[in-house]
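Chain by chain, the residues run as shown.
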Amino acid sequence: MTTASIDLELNSLKDAVSMALEYANKLGTTAAEVAISKQQGLSVSTRLKEVETVEFNKDGALGITLFRNGCKGSSSTSDLSPEAIKLAVKAADDIARFTSSDPYNGLAEAELMATEFPDLDLYHPQHISAEELTELAARSEEAALNVDSRITNSDGASANAHTGIKVYGNSHGFLDGFSTSRYSLSCVVIGESDGNMQRDYDYTISRNFNELLSPEEVGKKASEKTLGRLDSRKVATTKLPILLAPDIATGLMGHLIGAISGSSLYRKSSFLLNSIDTQIFPDWFSIEEQPHLKGALASAIYDSEGVATQDRSIIKDGVLMTYLLTSYSARKLGLKNTGHAGGIYNWTLAHTGHTFDDLVKEMGTGIIVTEVMGQGVNAVTGDYSRGAAGFYVENGVILYPVEEFTIAGNLKDMFQNVVAVSSDRDMRSSIRTGGILLSEMKIAGN
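The name recorded for the protein in an unreviewed UniProt entry is Metalloprotease PmbA, from Shewanella hanedai. Under the Subcellular location (unreviewed entry) heading, UniProt states for the protein: "Cytoplasm".

Peer 1: Quick rundown of the UniProt feature "domain: Metalloprotease TldD/E N-terminal" (unreviewed entry) in the protein? Include the residues and the values.
Peer 2: The UniProt record annotates "domain: Metalloprotease TldD/E N-terminal" (unreviewed entry) at residues 32-96. A helix fraction of 23% and a strand fraction of 65% characterise residues 32-96, whose end C-alpha atoms lie 11 Å from each other.

Peer 1: Give me unusual backbone geometry: which residues, what numbers.
Peer 2: Phi angles above zero are rare outside glycine, and Asp317 is one such case at about 50°. Mapped onto the elements of the fold, Asp317 is located in the loop between strand 9 (312-316) and strand 10 (319-320). Even without glycine at this site, Asn395 takes up a positive phi of about 55°. Mapped onto the fold, Asn395 is located in the loop between strand 13 (383-394) and strand 14 (397-410).

Peer 1: Give me the lowdown on helix 8 (residues 356-363), citing residues and values where you can.
Peer 2: All of the buried residues in helix 8 are Phe356, Leu359, Val360 and Met363. Buried residues in helix 8, looked at end-on, bunch into an arc of 105°, giving them a common side. When the buried face of helix 8 is taken as reference, the exposed residues oriented beyond 90 degrees from it are Asp357 and Lys361. Note on helix 8: the residue one or two positions beyond its end, Gly364, has a positive phi of about 75°.

Peer 1: Quick one: what's the story with the sheet that holds strand 11 (residues 347-349), residue by residue and with numbers?
Peer 2: If you walk across this open sheet you meet the five strands as 10-9-8-11-16, and the pairing is mixed. The sheet is open, and its two borders are formed by strand 10 and strand 16 (431-432), each paired with just one other strand. Taken together, the three bridges between strand 8 (residues 287-289) and strand 11 define a ladder with antiparallel strand orientation. The partner of Glu288 across the bridge, within strand 11, is Thr348.

Peer 1: Which residues make up the sheet that holds strand 2 (residues 50-68), and what values do they have?
Peer 2: In space, the six strands of this open sheet follow the order 3-2-1-4-5-6, with antiparallel pairing throughout. Of all strands in the sheet, those with a lone pairing partner are strand 3 (71-77) and strand 6 (196-206), marking the two edges. Here the strands of the sheet are splayed against their neighbours by 20° on average, with no regard to which way each runs. The pairing of strand 4 (residues 151-170) with strand 5 (residues 175-193) spans 17 bridges and is antiparallel.

Peer 1: So what's going on with the environment of Thr352? Which residues, and what values?
Peer 2: Its location among the elements puts Thr352 in the loop between strand 11 and helix 8. With 254 residues separating them in the primary sequence, Thr352 and Phe98 have C-alpha atoms 56 Å apart. Ignoring sequence-local partners within four residues, the contact set of Thr352 consists of Trp284, Ala420 and Val421.

Peer 1: Residues and numbers for the pattern of salt bridges, please.
Peer 2: Considering all chains together, one arrives at 15 salt bridges under this definition. Among the salt bridges present, the one from Lys26 reaches Glu22, with a minimum N-O distance of 3.8 Å. Highlighted residues: Lys26 and Glu22, both in helix 1 (residues 3-26), separated by four residues, approximately one helical turn. Classification of Lys26 by relative accessible area gives exposed; the value is 63%. Two residues, Asp155 and Arg199, come together in a salt bridge whose shortest N-O distance is 2.5 Å.

Rules and cut-offs
- Residues numbered from 1 in each chain as written.
- Predicted model: local features only at pLDDT ≥ 70, side-chain atom pairs only at ≥ 80, totals over all residues.
- Heavy atoms only, no water.
- UniProt positions renumbered as here; feature names shortened; annotations may be inferred.
- Helix = DSSP H or I, 4+ residues; strand = E, 2+ residues; numbered from the N terminus.
- Buried < 20%, exposed > 50% of the residue type's maximum accessible area, 1.4 Å probe, protein only.
- Arc of directions from axis to C-beta.
- Pairing = 2+ DSSP bridges.
- Axes fitted to C-alpha atoms, helices over the stretch in contact; angles between N-to-C directions.
- Contact = heavy atoms within 4.5 Å.
- Salt bridge = Lys/Arg side-chain N within 4 Å of Asp/Glu carboxyl O.

Put into structure tokens, the structure is as follows:
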């Protein structure tokens, strides 16, 4: 879409939000908030360079939430005609009249609303046809299949191009909207050696199509990762240092997010209750949140309640500095809203100056974990037990791939046992981290 057409679309959606808020006000509601999101995209998947699926999606809806003296009602409509919007508002109001009052319900405080709206470079429109996406996916498969004769099959490749528009407004007078884009390419291949088969994948993702890795790079990396897993062995039950690959390290930090999120805290279903100003990591460890990084995958000026986002220290010198709170959870806990309705924003972990290869050498004898599976994490106690695969390391040298073992511990101990973080960060998610070396974990194998 051109800049002019995007502006027209944004203005049209803002008009729809304003109309809903105006009608909610006429009904005598205490407060109201309205959000519209519209997305469109094209996805193509191939297998062995032949098209398997082509999917085009174009959808969107207006969602409205009304409050009446602590009572809350919500409804939505994909029809943005004035009549449909009025019906949706009326439906939400009817629901609010029959729900129980909750003193913690309501909009975020007016003084927390964003007032400045710099361009975060989140929208890079690129006209891409289904044929072009097919070519990208097929090229990644072709490159992957040409790496080594042991790569015997493809489990498919996928190329995607998506754009969206979001508009949010509430009865504080807040009204804003913005456009986003996201492009990705992935490839999965299968390798075989002496009857043993393994599968692995690689992918690239960016808001700017021109910043994606080439299909050849993605395919080659997918094959290299698959080849590395062939002829895997079992490992004996023991205790060893563990080096989490960067994409697995993001998952470890994901458990931290769950533990310090307001909903977990007020439900008392977190192993980090009452942990503000408590040292939960080594004293060199830190996590900074940077919501306003230009072009990043998890950047935002404001959260889904209109609250201005801001740079903040999540962990400083190993100490937990903040919880992640929405308006509701902040009121329940008697704390201040941190603007985290909708998630986190570009967490960056401090590194210790080592590359991932440095950490392999520093580990001495241990296991690199490149895959975890299963749901064996207890959010209340922090107990952690998951199936894993990776590589056995001895004297700082990778000897062979290993599989079908379990790593176990407690997240509190795992956080305290972080020895180092590598400098070669994975930038493909909202958590930007390198590999994480843990001093010891229980290994359940043969």
